[in-house]
Amino acid sequence: MLLARDVAANLRRNNLVVASNRLPFVLTRLEDGSYTSRAGSGGLVTALLPVLRGRGGAWVGWHGATEPIPNLDAMLGQAAADAGYRLRPIALTADEQKKFYYGFANEIIWPLFHDLQSLCNFDPSYWRSYCEVNRKYAAAIAQEVQDGDLVWVHDYQLMSVGMELKRLGLNARTAFFLHIPFPPLDIYLKLPWRFALLHALLEYDVIGFQTLRDRRNFLQCVRALAGVRSTGKGQIVSLRYQERDIRVGSFPIGIDYNDFVRHAASAEVAAKATQLRAQLPNRQLILGVDRLDYTKGIPHRLEAFRNALVRYPELHERVTLIQVVVPSREDIPQYFELKATIEKLVGEINGQFTRPGGWVPIHYVFRPLQAADLLAYYRAAEIALITPLKDGMNLVAKEYCACSIEEECVVIMSEFAGAAAQLQRGALLVNPYDIEGVADAVWQAYRMAPRERRARMRRLRRTICEQDIFWWADSFLRGAIAKDLSAFPLPEDYSPQSDLGPVSH
């Protein structure tokens, strides 16, 4: 398998130009009104750094502020010099941020693509702003691109950029990767701009999805709304559209496995994990880690935990659920209401089951965690309860497995998370809407013998190690430039359940 540096070499002398909603640098405003920058973290930055560094590539994205930033060019110029690639900042007005980002992207596409269409706000002005901002990104990208370059656009905020680049007459090859799910046809049809958005996506030369299920949903929409059928049966299939060949593939994103293992094994993390176990002794720790988001299914999870305590009293004083919620967009009414619902449920469940002077069933943490603290939670917990209503991938599951060095751990995972397709042979898959089913899985995980835990976790960790973040970037870029798609067969262990639904535990 090619490494990222080998893929970079295979791109020959042509640049890779990456576009995402945000630049891979975080700008922070200081008390005196000035700004400072630091390198962003996360899988996307980690994966693309070896490809971009030293190749004269570029990254295009919003700089994160709606007001002018003093010395922005100098600040980003120094950051780019250190990173080894150019940075092209996008400026957004407050109105554009409101209508493009908070509006179309997060009040329409986010809920719709997560099968929660009842939460959508189909404001027509949002669509106009989305098109205008995508046009702005395309104009900035065009300043960085030469013929023969590869433009790789990321995620749901920028689905129309490929079309706008074509309108500008750009001859570069364009690729797009969707990090969130793609909905089935009957849900996608709810979108008032369904034809325009689908045809915009079909202007890309390469389109990537997290799972085969997402790819299948997209191909159904293309067949129904554009009359185009796919050819091929491997990881990447082909569409013939307006005299062009488009590649459509599934590329599940991973994590930097070795980096997580290394940091989880550090003395600092080990000490924090030991301290956490000492504070909650003689019980198994169950961990949930989520952003504050209605797609994560936190209220459903809490109800399932309550059901487990009611139906399996043997769990009393033998388990503790640590639910970490990372603040996210609390100023939006729906998120504020979600926070209130979560806190109400935690209070009710603790009030119902807490023993005076002793056991408290749920420890609720509402704050961002430092990296070492998060890894300590991963290491200390014997059971991970990962039950989103729908997720593109869910990297928390993969991070937890990488940090489970002792391997006597169990993952309970929603079958509607993208990661379920890869992790189904080791995790306990559940329907997050099935309260009793999730409760039964908690009981099963609690009682699981150490030998079975180790066997399951070793399978999970092996998969995550082999299909890490670098494997993801390599497979996508190779798929974009390869001449022969037969070199991309489906995984050997593929089964229809891999992308269609649950398997038996």
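Keep in mind that this is a model prediction, so the values were computed, not measured.

### Here's the deal with the packing of helix H11 (residues 267-279) against helix H14 (residues 371-380)
Then, number 1: Running from N to C, H11 and H14 cross one another at 55°; their axes reach a closest spacing of 8 Å. Comparing the axis directions of H11 and H14 gives the class oblique. Between H11 and H14 lies a crossing whose hand is right-handed. Seen from H11, the contacting residues are Glu-268, Val-269, Ala-270, Lys-272, Ala-273, Leu-276 and Arg-277; seen from H14, they are Ala-372, Asp-373, Leu-375, Ala-376, Tyr-377, Arg-379 and Ala-380.
Then, number 2: Class assignment for the residues of the contact of H11 with H14 results in 9 nonpolar, no polar and 5 charged.

### Considering the pattern of salt bridges
Then, number 1: Enumeration according to the criterion identifies 26 salt bridges in this entry.
Then, number 2: The closest approach of N and O atoms between Arg-458 and Glu-407, which form a salt bridge, is 2.8 Å. Pair noted here: Arg-458 is in helix H18 (residues 450-466) and Glu-407 is in the loop between helix H15 (395-403) and strand S16 (410-414), with a separation of 51 residues, a long-range link.
Then, number 3: By relative accessible area, which is 44% here, Arg-458 ends up partly exposed.
Then, number 4: A network of salt bridges, in which partner residues are shared, links Glu-303, Arg-306, Lys-344 and Glu-348.

### Here's the deal with the environment of Tyr-378
Then, number 1: Mapped onto the elements, Tyr-378 comes out in helix H14.
Then, number 2: A sequence separation of 16 residues divides Tyr-378 from Ile-362, and the C-alpha atoms of the two residues are 16 Å apart.
Then, number 3: The contacts of Tyr-378, once residues within four sequence positions are left out, are Leu-287, Val-289, Val-396, Glu-399, Tyr-400 and Cys-403.
Then, number 4: A polar contact of 2.7 Å, which involves the side chain of Tyr-378, links it to the side chain of Glu-399.

### Thoughts on the side chain of Thr-174
Then, number 1: Inspection of the secondary structure puts Thr-174 in strand S7 (residues 173-177).
Then, number 2: The residues touching Thr-174, leaving out its near neighbours within four places in the chain, are Val-151, Leu-165, Lys-166, Glu-203, Tyr-204, Asp-205 and Val-206.

### Points about the environment of Leu-87
Then, number 1: Within the secondary structure layout, Leu-87 lies in strand S5 (residues 86-90).
Then, number 2: What makes Leu-87 buried here is its relative accessible area of 13%.
Then, number 3: Considered as a pair, Leu-87 and Pro-24 are 63 residues apart in the sequence and their alpha carbons are 8.8 Å apart.

### What about the sheet that holds strand S12 (residues 284-291)?
Then, number 1: Spatial strand order, S14-S13-S12-S15-S16-S17: 6 strands in an open sheet with parallel pairing. The sheet is open, and its two edges are formed by strand S14 (362-366) and strand S17 (428-430), each paired on a single side. Strand-to-strand twist of the sheet, defined as the mean angle between neighbouring strand axes without regard to direction, takes the value 20°.
Then, number 2: The sheet contact formed by S16 and S17 spans 3 bridges and is parallel. Note that in S17 the partner of Met-413 across the bridge is Leu-429.
Then, number 3: Along the sheet face, H14 touches S12, strand S13 (319-326) and S14 and points at about 140° away from the line of S12.

### Observations regarding helix H5 (residues 124-142)
Then, number 1: The end-to-end C-alpha distance of H5, which contains 19 residues, comes to 28 Å, matching closely the 27 Å that a straight helix rising 1.5 Å per residue would cover.
Then, number 2: All of the buried residues along H5 are Ser-125, Tyr-126, Trp-127, Ser-129, Tyr-130, Cys-131, Val-133, Asn-134, Tyr-137, Ala-138, Ala-140 and Ile-141.

### Section: unusual backbone geometry
Then, number 1: Located in the positive-phi region is Asp-115, a residue other than glycine, with phi close to 65°.
Then, number 2: Here Asp-115 shows up in the loop between helix H4 (94-113) and H5.
Then, number 3: Phi is positive for Gln-242, close to 50°, though the residue is something other than glycine.
Then, number 4: Locating Gln-242 in the fold gives a position in the loop between strand S10 (236-241) and strand S11 (244-250).

Cut-off values and rules
Residues numbered from 1 in each chain as written. Predicted model: local features only at pLDDT ≥ 70, side-chain atom pairs only at ≥ 80, totals over all residues. Heavy atoms only, no water. Axes fitted to C-alpha atoms, helices over the stretch in contact; angles between N-to-C directions. Helix = DSSP H or I, 4+ residues; strand = E, 2+ residues; numbered from the N terminus. Parallel < 35°, antiparallel > 145°, perpendicular 65-115°, else oblique. Left-handed = near helix turned anticlockwise from the far one by under 90°. Contact = heavy atoms within 4.5 Å. Nonpolar A, V, L, I, M, F, W, Y, C, P; charged D, E, K, R; others polar. Salt bridge = Lys/Arg side-chain N within 4 Å of Asp/Glu carboxyl O. Buried < 20%, exposed > 50% of the residue type's maximum accessible area, 1.4 Å probe, protein only. Polar contact = N/O pair within 3.5 Å; in protein donor to acceptor, adjacent residues only side chain to side chain. Pairing = 2+ DSSP bridges. Expected span 1.5 Å × (residues − 1).

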